[in-house]
Each structure stands twice: as C-alpha cells, then as structure tokens.
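Chain by chain, the residues run as shown.
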Amino acid sequence: MKLVIAEKPSVARSIAAVIGATKKQNGYIEGSGYLVSWCIGHLVSFADAGRYDERFKKWRYEDLPIIPEPWQYIIPDEKKQQFETIRELANRPDVESLVCATDAGREGELIFRFVYQMAGCQKPFSRLWISSMEDSAIRAGFQNLKPGADYDALYQSALCRSKADWLIGINATRLFSVLYHRTLTVGRVQTPTLKMLADRDEAITHFQKEKYHIVHISAGGAEAVSSRVPDAAGADAIKTACAGAQAVCASVTREKKTEQPPKLYDLTTLQREANRLFGFTAKQTLDYAQALYEKRLLTYPRTDSRFLTDDMEQTAADTITGLLPLLPFMEGVELTPEIRPVLNSAKVSDHHAIIPTAEFIKQGFTGLAESEKKLLSLIACKFLCAVAAPHVYEAVTASFTCAAFCGEGLVIKKGKKVFHKVTMDEFTAKGRTVLCGGWKEIDRRFRASLKTDTDGDGAEPDKELPELSEGQTFEDVAASVTEHFTTPPKAYTEDTLLSAMERAGAGDTPDDAERKGLGTPATRAAILEKLVQMGFAERKGRQLIPTKDGQNLVSVLPDELTSPALTAEWESRLTQIAKGEADPDDFMRQIEAQARSLVSTYNHVNEDGQKLFQKERVSIGICPRCGEAVFEGKKNYYCGNRSCQFVMWKNDRFFEERKKEFTPKIAAALLKSGKAKVKGLYSVKTGKTYDGTVLLADTGGKYVNYRIERKG
C-alpha cells in the first residue's frame, strides 16, 4: 500500500481518479493499492514566539532578538483533524511507502517534509513532479516517480528561506513596533515593495510641470511636428515664419520592421494583463486561475516560466486546433501555427507556462463564471498569438524644412537671451504601413470582442503617410501651435507594480536563481493585499498609493530592509543551497547575526520619531460648552479640551432603547445645530419604527441628554 499526500483536496481527488482510488473515507480516498490524502496548505507551521517563552507573549525591546533553539512547530487547531488522519495513515502497518504529491516547487517540498517529520514517519517516499492536473500528466508522473532524496537540497533551501523570513520578520516587526508604539509589520518582500510605492509617490508629489509647445505644419497631406519649443513667443515666431511658406521634403526613410510574437503567460504577466484589461486585482486573477486549474481547465498557474517543454509539441498542436472553434474572435482567421518558438525546456523551472488543457477543449466555456471566461479567453488568445506569424510593417519617417528659414535657422531673442533656435530639419512626420498583421491581428480581434472601454496598452492606431519623395515641395504651408505640459510619473497600478516587483534587484540576482525579483508569482498578490489590509497602502481606482503611515514606515527603516538587495542576496544563497553548493547552517548563522545587528543598532527613537505614527484626529464638530473641537473615539465623541467634561457615549441608553446606532453623522448634526433627523427609530410602546428628530439636551452635567422633538 502506498500513501499519496497532495497539497489540496481537489488535487487529491484528481490524482485518486487517475490511479484508481475510488472509495471515499474520512479525510482520504482508498483503492488499487493506494491511500490518497491531502494537506490543507501548510498543515504544519513554525510556532509563534510566545510558545518558546511566556515572556515573549509581550513585545519588549529587552527580549530581542528572539532566536529559536531548537525550532518548534505547531498544527493549527482547525487543521489538527486532517493532520491526525495523515499521521495515522502514514504509520499504518500496511503502508510501505509514501508519494509526495504536493506542488512541484520549493514551498510544496516544505509542506510535505514538515508533515512527514511531525507524523514521526521514517518510511521511504518518492516524488511526483507534474505541471498539469490532466489525466495523461498524472499517469506519466506516476510512471516516472523520483526518489525523495533527490529533493533533499531543495527542502533545505525551502527550510532556510522559511526560517530566515521568520527571524527577520518577527524581530524587525517587534523592534520597530516597540520603538514607535504602533504595529509596524516588516517583511523581506513587503517592505521593499512599500518603498517602491513611497518613492513613486514622492516623485509625483515633488514633480514640477513645465510648459512646452509643438509647431505643426501640414505638407501634402502629412502633418509634421517640430521638437519641443519651451516658450510661446518662440513657437509663435516659428509658426509665423512657416505659415504660407514653402516646405521641402528633405528626406524619406523606409524601414521594414518585425515584431515577434509574444511569449506565453507566467503568473505575473497574466496578473498584469488581467489588471490592465479587466481591472482584476492580482489576487483575483490568482484565485480565478487556481479555480480553473482545480477544474482541470488550465495548467498549473503558480509558474514563473513562459515556455513549454520540448516534449509538448504535439500537446500544443492539438490544443491549438481545439481552441480555434471555441473562440468567436478567431472566426475566419487562417492560422498556421509555429510551435517550436514556444518550446524550450531549458527555460522551464518547476512548471511550464500557463495554457488551456485538453479538458477545456472538451468542455469549453460551459458553466463558467464570467470572470473565469474572461481569463480563459485571455490565456487562449495569448497561446494563439505566441504561435502566430510575426507582425511586419514598414515604418516611414519624413523630414521637412521650411523655405522661410535661412541656413542658420531662425533665432528668437529677448534682449541678449536666446530663447530658441530652429534648424532646417526639425519638422518630422511618422507613419507605418502594415505588411502582415500576424499575431497583432489576433490580438486586435480579441480586444475588439471585449466588453470593455480599455484598449489594453493605449497604443495609437497605425496611420499611413501619403506618397512622399525627397526634394518634393509643398506651397502655402499651413502652420499651427499646440501647448503641452510635461507629465509626472504615473502612480503604480497592480499591473505596473507587479512588473516592478518582478524586475527589482534582478541585476544582483544570479541567472540560475530559482526566484528573481521581489516575491514569487504565487506570493506577490498576497503581499499587495497585506499592504492594503495593514493600512500602509490604499487603492484609488486602479492605482495603488502609499498611505501616510506607509510613507513614514519606509522613512524610519534601514536600507537593508527597504532595498531589494536583501532578497537578491538571499536568493543567490538559496539557489546554491538547492544545488548542494552551499551550507544551510552557514546561511542561518548569517541571518541570526543580521537579526542581532538590527536590535543593537536601532535601540531608541527621538521625540519627533515618537510622533510619526500618532493617529490624526479629525474634528466632527464644535463643543457646545467650551467651543473646542470634538473628536471621535472608539467608544465616544469627546471634547479635545481636557478640562471640559463634554462627552457623548456611543452606547448611550437613549439610542440603544431605540435600536439605533449613534453614528458620527448623527453626532455631527447634533453638534452643528442641536438636532438631527434620524430614520428608523424604534418605539418601545408600539413596537414599530418611525422617523423623528433627535434634540441635544445638554444641561452641563456629567452626562449629555437627548430627547425626541414633539410635533406641534
């Protein structure tokens, strides 16, 4: 009997169906010599700091750094039942060996090993390593199971990463939270991401726009433009000199250009484009893709590869053939797929690129939610674009001169200062002629089919220039001036921030590192959500911007915690560990030293620093007793003047008896005019609700009174 341990119940069910385990039991499936059970994500986790010592339950500087020795592990209460099921199965006398069928990657390896060790199991185990939940992939995986020991180094890499994140995260979070009297979550990936948001926001805030002008001339049906002219006087002088004059086509250059098809999707690229086209957050895209994967309609989504393996040529060809009739925007399109460019085993790490499965070809879009249909259509379109012909066009650039200018150009002066000088070749017209639509025609058709206003990349449509030749002249030129302003950097969207996270620190990370940039394709979405939940970033439409607390946090942290360099350094070492080329113990000694250094270096905060994270109080009105501002507290509305006793309690019996929440809106109205119109007041006498006016009846005593205004 073999025990197969998957990462999730849905994956376990798919595996069980293929290997013949059909008898459902409590927490596992049995049959054909197999027991198939599952984890629920991380069944086993590192213990909280408070488990090591009672004093660690309180956050105090004198207890830092916290460095576990030995490390302790816990099973969350809500997962204990499933863990016990696996433990009992693993230790059953008839179970001879195990199969690790968790996700094929660093984290999947860690999930299985923790469970294996906590269960006290010492039986041999093998490794299932697959990238798709299709039946054929599962069968092939079981025919080619790998010895578990082959992945010992990968496990050590995963263990080091997890311990290092715990040590730096716990100690840095407690350290800076204690110093600034506010919970300040610090993380190896989260904090540099926040720093990118803060830097961009600062660049936008301090941007000073500058005005400039563009002179346009119309010659033979082509519109040519000047370079930027900083001052209006200079632009008007150029326009005046050109208007009605003769223009000469000084040069025409034609260049045939080719845009190769795009690569397939990895998770980050998919998240970026889904955000740009549909407004999906990174988390939404991951959730939808995961649901489609579990329905066997999509290959494994948590991938950082954009290629298929060399042995997938026939699979790719069959999938493409099956996709064409499922996609309305492909009607009438002739596609001769070039599959070889999307195949490259050397560029596939744990999992290949994201593509639809053979199961999707059978089922189509039937029964899917609209969000899932959109995502599948996007992935299918990308697959077809990737195997389509290149986009080929002719780029034409024409340069014009104006006969009104002398050979030295036109100089505009004001006193001794030269404002602008226009030379003879400063008017340029550009156009393009499409020679072969190729993959861009598929992309255009797909975007045209979307029920959305966005065009995706904001690109202008191609425009053709009229036939032009060098030396051609045009009489009576029309000229005009347009006014423009330089624009600040754009605030990050999830699309552009994910791209920045993916590239961050890349120059310092070795080419063969398992992870590059900040975070992984699977964790970046959660990082963005956490920044928002912790109050360090906020969404405004599709933009992500730092809050004041977020800006303050990155301003007080050392560079080593806000720079992507830390992640780059770690990933370099972790890659070496995964290859068996570096000692895990050496790495952990370095991390422990870093934690100790942080605590000893940052041991106090000046008075100004103490005020950084004080919550800003917003006045909701004026105190009727002393005229000072009234603020909202957790349980009341209180006067800011400490010597004044005016306070309105949120749980006042007057409002509780009438089953009405005492909201800031009601409080503000009472403070402004002494009365507030309130809907849905409950009457104890009649048992019904009514609309009435509440009056503030303050007599200056310890408690504030209220009453209902009587009509008539």
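Residues numbered from 1 in each chain as written. Predicted model: local features only at pLDDT ≥ 70, side-chain atom pairs only at ≥ 80, totals over all residues. Heavy atoms only, no water.

Engineer: Help me understand the overall build of the chain in this model?
Structural biologist: When helices and strands are counted, the chain shows 22 helices and 27 strands. With the principal axes as the frame, the chain shows a C-alpha extent of 95 × 85 × 60 Å. Scored against the burial criterion, the 712 residues of the chain give a buried share of 49%. Entry remark: accessible area of the chain is about 35500 Å², with carbon and sulfur atoms responsible for 48%. (Helix = DSSP H or I, 4+ residues; strand = E, 2+ residues; numbered from the N terminus. Buried < 20%, exposed > 50% of the residue type's maximum accessible area, 1.4 Å probe, protein only. Areas by Shrake-Rupley, 256 points an atom, 1.4 Å probe, with all protein chains shown as cover.)

Engineer: Looking at this model, I keep getting lost on the packing of helix α5 (residues 152-180) against helix α18 (residues 565-578). Mind explaining?
Structural biologist: What describes two packed helices is the angle between their axes and the distance between those same axes. Between α5 and α18, whose axes approach to 7 Å, the crossing angle comes to 150°. Taken together, α5 and α18 sit at an angle that is classed as roughly antiparallel. The hand of the α5/α18 crossing is right-handed. Taken together, the residues of α18 that come into contact with α5 (itself represented by A153, L154, Q156, S157, C160, R161, A164, D165 and I168) are W570, L574, I577 and A578. Across the contact of α5 with α18, the residue classes tally to nine nonpolar, two polar and two charged. (Axes fitted to C-alpha atoms, helices over the stretch in contact; angles between N-to-C directions. Parallel < 35°, antiparallel > 145°, perpendicular 65-115°, else oblique. Left-handed = near helix turned anticlockwise from the far one by under 90°. Contact = heavy atoms within 4.5 Å. Nonpolar A, V, L, I, M, F, W, Y, C, P; charged D, E, K, R; others polar.)

Engineer: How do you make sense of the pairing of strand β20 (residues 543-546) when you look at a structure like this?
Structural biologist: Looking along a regular strand, one sees side chains alternate from face to face of the sheet. When strand β19 (residues 537-540) meets β20, the two strands line up antiparallel, connected through four bridges. Note that in β20 the partner of E538 across the bridge is I545. Once β19 ends, the chain turns through two residues before running back antiparallel as β20, passing G541 with a positive phi of about 65°. (Pairing = 2+ DSSP bridges.)

Engineer: I would appreciate a short explanation of the nonpolar core in the present structure.
Structural biologist: What tends to happen in soluble globular proteins is that the nonpolar side chains get buried as a cluster. In this structure, L98, M501 and F587 are the most contacted members of the largest nonpolar core, which totals 86 residues. Among the elements that line this core, the one with the most residues is α5, at 13 residues. Ignoring anything within four residues of it in the chain, the contact list for M501 reads V189, T193, M196, G517, L518, R524, I527 and L528. By size, the runner-up hydrophobic cluster in this structure holds 47 residues, among which are L308, L343, F360 and F446. (Core = buried A, V, L, I, M, F, W, Y, C linked by side-chain atoms within 4.5 Å.)

Engineer: Honestly, the environment of E273 in this entry has me stumped. Any pointers?
Structural biologist: For E273, the location among the structural elements is in helix α8 (residues 267-278). Placed 169 residues apart in sequence, E273 and A104 show a C-alpha to C-alpha distance of 25 Å. Setting aside residues up to four positions removed in sequence, E273 forms contacts with Y265, F278, L378 and K382.

Engineer: Just checking my understanding: could you explain helix α19 (residues 584-601) for this structure?
Structural biologist: In an α-helix there are 3.6 residues to a turn, and that puts residues three or four apart on one side. Between its terminal C-alpha atoms α19 stretches 26 Å, which fits the 26 Å expected from 18 residues at 1.5 Å a residue. For α19, the full list of buried residues reads P584, F587, M588, I591, E592, Q594, A595, L598 and V599. Taken down its axis, α19 places every buried residue within 155° of arc, on the same side. On the buried face of α19, the contacting elements are α5, α17 (559-562) and α18. N-capping of α19 is provided by D583, with a side-chain oxygen placed 3.1 Å from the backbone N of D585. (Expected span 1.5 Å × (residues − 1). Arc of directions from axis to C-beta. Polar contact = N/O pair within 3.5 Å; in protein donor to acceptor, adjacent residues only side chain to side chain.)

Engineer: Would you explain the pairing of strand β7 (residues 97-101) in this entry?
Structural biologist: The buried count for β7 comes to five of five residues, which makes it a mostly enclosed element. Residues S97, V99 and A101 line one face of β7 and the alternating positions L98 and C100 line the opposite face, and both faces are buried. Where strand β1 (residues 2-6) meets β7, five bridges bridge the pair, whose relative direction is parallel. By the bridge assignment for β7, L3 is matched with L98. Across three bridges, β7 lies against strand β8 (residues 125-127) in parallel orientation. By the bridge assignment for β8, L98 is matched with F125. In this view, the connection linking β7 to its parallel neighbour β8 by way of helix α3 (residues 106-118) has right-handed handedness. (Right-handed = clockwise from strand over helix to strand, strands pointing away.)

Engineer: Help me out: how do you make sense of unusual backbone geometry in this one?
Structural biologist: For residues besides glycine, phi is generally negative; the peptide bonds are generally trans as well. Between L64 and P65 the backbone carries a cis peptide bond, its omega angle lying at 0°. Structurally, P65 can be placed in the loop between β5 (45-46) and β6 (73-74). For the bond from E69 to P70, the omega torsion is -5°, close enough to zero to count as cis. The topology assignment puts P70 in the loop between β5 and β6. The backbone of S32 sits at a positive phi, close to 55°, despite the residue not being glycine. Note that S32 resides in the loop between β3 (28-31) and β4 (34-38). Backbone geometry at H181 places phi at a positive 55°, although glycine is not the residue there. Considering the arrangement of structural elements, one finds H181 in the loop between α5 and α6 (190-205).

Engineer: Just to check I follow, could you spell out the pattern of salt bridges for this structure?
Structural biologist: Opposite charge on two side chains permits pairing when their charged atoms draw close. For the structure shown, the criterion picks out 38 salt bridges. E107 serves as the salt-bridge partner of R161, at 2.5 Å between the closest nitrogen and oxygen. Of the two residues, R161 is situated in helix α5 and E107 in helix α3; the sequence distance between them amounts to 54 residues. On the basis of relative accessibility, which here comes to 28%, the residue E107 falls in the partly exposed class. (Salt bridge = Lys/Arg side-chain N within 4 Å of Asp/Glu carboxyl O.)

Engineer: What am I meant to see in the sheet that holds strand β9 (residues 146-147) here?
Structural biologist: What links the strands of a sheet is backbone hydrogen bonding, and the strands pair in either a parallel or an antiparallel sense. The seven strands lie next to each other as β2-β3-β4-β1-β7-β8-β9, forming an open sheet whose pairing is mixed. Every other strand in the sheet has two partners, leaving β2 (23-25) and β9 as the edge strands with one partner each. Across two bridges, β8 lies against β9 in antiparallel orientation. From the neighbouring strand, S126 faces β9, where its bridge partner is P147. Across the sheet, helix α1 (residues 9-19) lies against β1, β3, β4 and β7, angled at about 165° from β4, the strand it touches most. The sheet strands contacting α3 are β1, β7 and β8, and the helix crosses β8 at an angle near 170°.

Engineer: When you look at the packing of α5 against α19 in this model, what are you seeing that I'm missing?
Structural biologist: With their axes 10 Å apart at the nearest point, α5 and α19 run at an angle of 5° to one another. The orientation of α5 with respect to α19, classified from their angle, is roughly parallel. From α5, Q156, C160, K163, A164, L167, I168, N171, A172 and L175 reach across to α19, where they touch P584, F587, M588, I591, E592, Q594, A595, L598 and V599. When the residues that make up the contact of α5 with α19 are grouped by side-chain class, the tally is 13 nonpolar, three polar and two charged.

The quantities given are spatial measurements derived from coordinates; they are silent on function.
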